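Given next are the chains, with one letter for each unit.
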Amino acid sequence: MLQTLLTLIGLVVIVGGSYLFSSDKKNINWKSIACIFIGQIALTFIMIKTPVWKLIEIISRGMEWLISQSSEGISFVFGSLLDTGFVFFLSSLMPIVFLSGLIGILFHFGIVQKFVAFVGKTVAKLLNVDTLISINNVANCLMGQNESMFLLKSYMPTAKESVVFASMVSGMSSISVTVLGLYTSYGAAMEYLIISMPLTVCSCFILTQVIMPTKYEEVENLTIDTSDKGENWIETAINYSTAGFKSVIGITIALLLFLSLVFMVNNLLALTGFNITLQKILGIIFYPVALLMGAPMNEVPLVAELLASKLVFNESVAFALPAFTALSEATKNAVTVALCAFSGFGSIGILLGGMSAIAPNQVKVVAKLGMKALLTATFASAMTGMLVSLFL
């Protein structure tokens, strides 16, 4: 009962805190926000506590099967390296290349564009939010944060600051389907990774509409950029797989560097004779957030360490820390939802690079709003984790 009360307080604190930092309090559409929030609660209940959970399980098994299909190509290319057993780079990271290629094929035949446009425009009407923001949110569930912005390349140069801000928050608080296999290799449940996608979209809408409100604007004759298409589906698939491989290298470098740095710093801290680690120091900042997520008191420090590590490093580093595997099942599932987002400091640099390619005139806006967007995305993910914890 106490944990439930703390979680409800946490939700109020996040929305209330967002209101304090709102740049346009007069134009906040509280009716629309209330509808989104009620719908989000209902959706959480339906997905976890009704027979719909069985459908989530079926989808999860389907995703796991799809990811496993990459094993033949990986085995052929790397041969005997897999005979030694589980190799993280090959077993967890390389499937990203295969899944990126599949997304490329769907993109080439217009399936991604039609799905994103239809769902995005429908959600925009239902929730009374800007169409471009809605489409970007939907696209982020399938693609990376920069790739989804490229779909709206022709609109970004003239987009309002509030639209750019919401697009940044959406990109940072979401995950791409291509990395689902990576997170499950750390012990995250596929079901909760899938659940997090639509729920975090709702959290994004709520917080961005409080901090920098937008109004519903229908985009007639919507144009989704297709310059990424090759001459045929094979070229498009290879281009997307190449981009996926670059992501694999980026993730590998980040994990190797940051995990080694954490290990080194912890060894240096051990010389002091005190039982302290870098994660514990960083976790102090996120202790109140972890407490308000409804985690059991004995697990609050671990949850705080993970949330802090995601912000300072990235979500892959956080998932890879021993603290994640040490959590109880219920807490791990709620934390999984809160961690699966690209909201780390490095994301600001990624968005700056992406925006400089598609809308150089908006780079200053990204730089100005970068930290604000990062913190908003962090709390959007935490908010989703809080909601899920209520039904576990």
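The rules behind these values
- Residues numbered from 1 in each chain as written.
- Predicted model: local features only at pLDDT ≥ 70, side-chain atom pairs only at ≥ 80, totals over all residues.
- Heavy atoms only, no water.
- Helix = DSSP H or I, 4+ residues; strand = E, 2+ residues; numbered from the N terminus.
- Rg over C-alpha atoms; globule rule 2.2 N^0.38 Å.
- Buried < 20%, exposed > 50% of the residue type's maximum accessible area, 1.4 Å probe, protein only.
- Contact = heavy atoms within 4.5 Å.
- Areas by Shrake-Rupley, 256 points an atom, 1.4 Å probe, with all protein chains shown as cover.
- Lys, Arg positive; Asp, Glu negative; His and termini not counted.
- Charge placed at Lys NZ, Arg CZ, Asp CG, Glu CD.
- Phe/Tyr/Trp six-rings, centres within 6.5 Å; stacked < 30°, edge-to-face > 60°.
- Polar contact = N/O pair within 3.5 Å; in protein donor to acceptor, adjacent residues only side chain to side chain.
- Expected span 1.5 Å × (residues − 1).
- Arc of directions from axis to C-beta.
- Axes fitted to C-alpha atoms, helices over the stretch in contact; angles between N-to-C directions.
- Parallel < 35°, antiparallel > 145°, perpendicular 65-115°, else oblique.
- Nonpolar A, V, L, I, M, F, W, Y, C, P; charged D, E, K, R; others polar.
- Left-handed = near helix turned anticlockwise from the far one by under 90°.
- Salt bridge = Lys/Arg side-chain N within 4 Å of Asp/Glu carboxyl O.

**Concerning the overall build of the protein**
Helix and strand counts for the protein come out as 20 helices and 0 strands. In terms of overall size, the protein behaves like a compact globule, its C-alpha atoms giving a radius of gyration of 20 Å where 392 residues would be expected to give roughly 21 Å. Principal axes of the C-alpha set define a box for the protein whose edges measure 65 × 55 × 45 Å. Counting across all 392 residues of the protein, residues that qualify as buried make up 53%. Counting only contacts in the protein whose residues sit at least 6 apart along the sequence, the fraction spanning at least 24 positions is 78%. Roughly 17,400 Å² of accessible area belongs to the protein as shown, and the carbon and sulfur atoms make up 70% of that amount. With 20 positive and 20 negative side-chain charges, the protein shows a spacing of 10 Å between the two charge centroids.

**Digging into the packing of aromatic side chains**
Applying the stated criterion to the full structure yields 9 aromatic pairs. For the pair Tyr 186 and Phe 319, a centre-to-centre distance of 5.9 Å together with 5 degrees between the ring planes defines the contact as stacked. Residue Tyr 186 is located in the loop between α11 (180-185) and α12 (190-211), and its partner Phe 319 is located in helix α16 (residues 315-320); the two are separated by 133 residues in the primary sequence. Assigned by exposure class, Tyr 186 and Phe 319 land together as buried. Here the aromatic rings of Phe 319 and Phe 324 are separated by 5.1 Å at their centres, their planes lie at 90 degrees, and the arrangement is edge-to-face. Taken individually, Phe 319 and Phe 324 each receive the classification buried, so the pair is uniform in this respect.

**Digging into the side chain of Ser 343**
Within the secondary structure, Ser 343 sits in the loop between α18 (329-339) and α19 (345-358). One polar contact links Ser 343 to Lys 310, side chain to side chain, over a distance of 2.9 Å. Residue contacts for Ser 343: discarding those within four places in its chain leaves Met 172, Lys 310, Leu 311, Leu 374, Ala 377, Thr 378 and Ser 381.

**What to know about helix α1 (residues 2-20)**
For α1, with 19 residues, the first-to-last C-alpha span of 27 Å sits near the 27 Å given by 1.5 Å per residue. Leu 6, Thr 7, Gly 10, Leu 11, Ile 14, Val 15 and Ser 18 are the residues of α1 that are buried. For α1, the arc enclosing every buried residue in end-on projection is 165 degrees, short of the 170-degree limit, so these residues lie on one face. Turned more than 90 degrees away from the buried face of α1 sit Leu 2, Val 12 and Leu 20, all of them exposed. Where the residues of α1 are buried, they touch α2 (30-49), α12, α14 (278-292) and α20 (363-389).

**Let's talk about the environment of Ala 341**
Positionally, Ala 341 belongs in the loop between α18 and α19. With 16 residues separating them along the chain, Ala 341 and Ala 357 place their C-alpha atoms 23 Å apart. Residues in contact with Ala 341, not counting those within four places in the same chain, are Met 172, Ser 173, Ser 174, Ile 175, Lys 310, Glu 315 and Ser 381.

**Here we look at the environment of Ile 56**
Counting through the fold element by element, Ile 56 comes out in helix α3 (residues 52-68). Along the primary structure Ile 56 and Met 190 are separated by 134 residues, whereas in three dimensions their C-alpha atoms are 9.0 Å apart. Each residue touching Ile 56, except ones within four places of it in the same chain, is listed here: Met 47, Glu 191 and Ile 195.

**Some points on the packing of helix α13 (residues 233-270) against α14**
Close contact between α13 and α14 brings their axes to 8 Å; oriented N to C, the two are set at 100 degrees. In terms of orientation, α13 and α14 fall into the roughly perpendicular class. Facing α13, whose interface residues are Val 262, Val 265, Asn 266 and Leu 269, α14 presents Leu 278, Gln 279 and Ile 281. In terms of residue class, the contact of α13 with α14 is made up of 5 nonpolar, 2 polar and no charged.

**Describing the packing of α1 against α20**
Remark: α1 packs on α20, axes separated minimally by 10 Å, with the N-to-C direction vectors making an angle of 155 degrees. One way to sum up the angle between α1 and α20 is to call them roughly antiparallel. Read as a crossing pair, α1 and α20 show a hand that is left-handed. For the pair α1 and α20, the contacting residues are Thr 7, Gly 10, Leu 11, Ile 14 and Val 15 in the first and Phe 379, Ala 382, Met 383, Met 386, Leu 387 and Ser 389 in the second. Across the contact of α1 with α20, the residue classes break down as 8 nonpolar, 3 polar and no charged.

**Focus: α13**
When the terminal C-alpha atoms of α13 are compared, their 54 Å separation across 38 residues agrees well with the 56 Å that a helix rising 1.5 Å per residue should span. Where the residues of α13 are buried, they touch α5 (88-93), α6 (95-108), α11, α14 and α16. For α13, the side-chain oxygen to backbone nitrogen distance between the N-cap and Ile 234 is 3.1 Å, and the N-cap itself is Asn 232.

**Describing the pattern of salt bridges**
Taken as a whole, this structure holds 4 salt bridges when the rule is applied. Across the pair Lys 368 and Glu 161 runs a salt bridge, and its minimum N-O distance is 2.9 Å. With a gap of 207 residues between them, Lys 368 in helix α20 and Glu 161 in helix α10 (residues 161-173) connect regions that are remote in the sequence. A cluster of three or more residues bridged by salt bridges with shared partners is formed by Arg 61, Glu 64 and Glu 191.

**Observations concerning the environment of Met 168**
Note on placement: Met 168 falls in helix α10. Put simply, Met 168 and Thr 376 are 208 residues apart on the chain and 9.7 Å apart in space, counted from C-alpha to C-alpha. The residues touching Met 168, leaving out its near neighbours within four places in the chain, are Leu 351, Val 366, Leu 369, Gly 370 and Ala 373.

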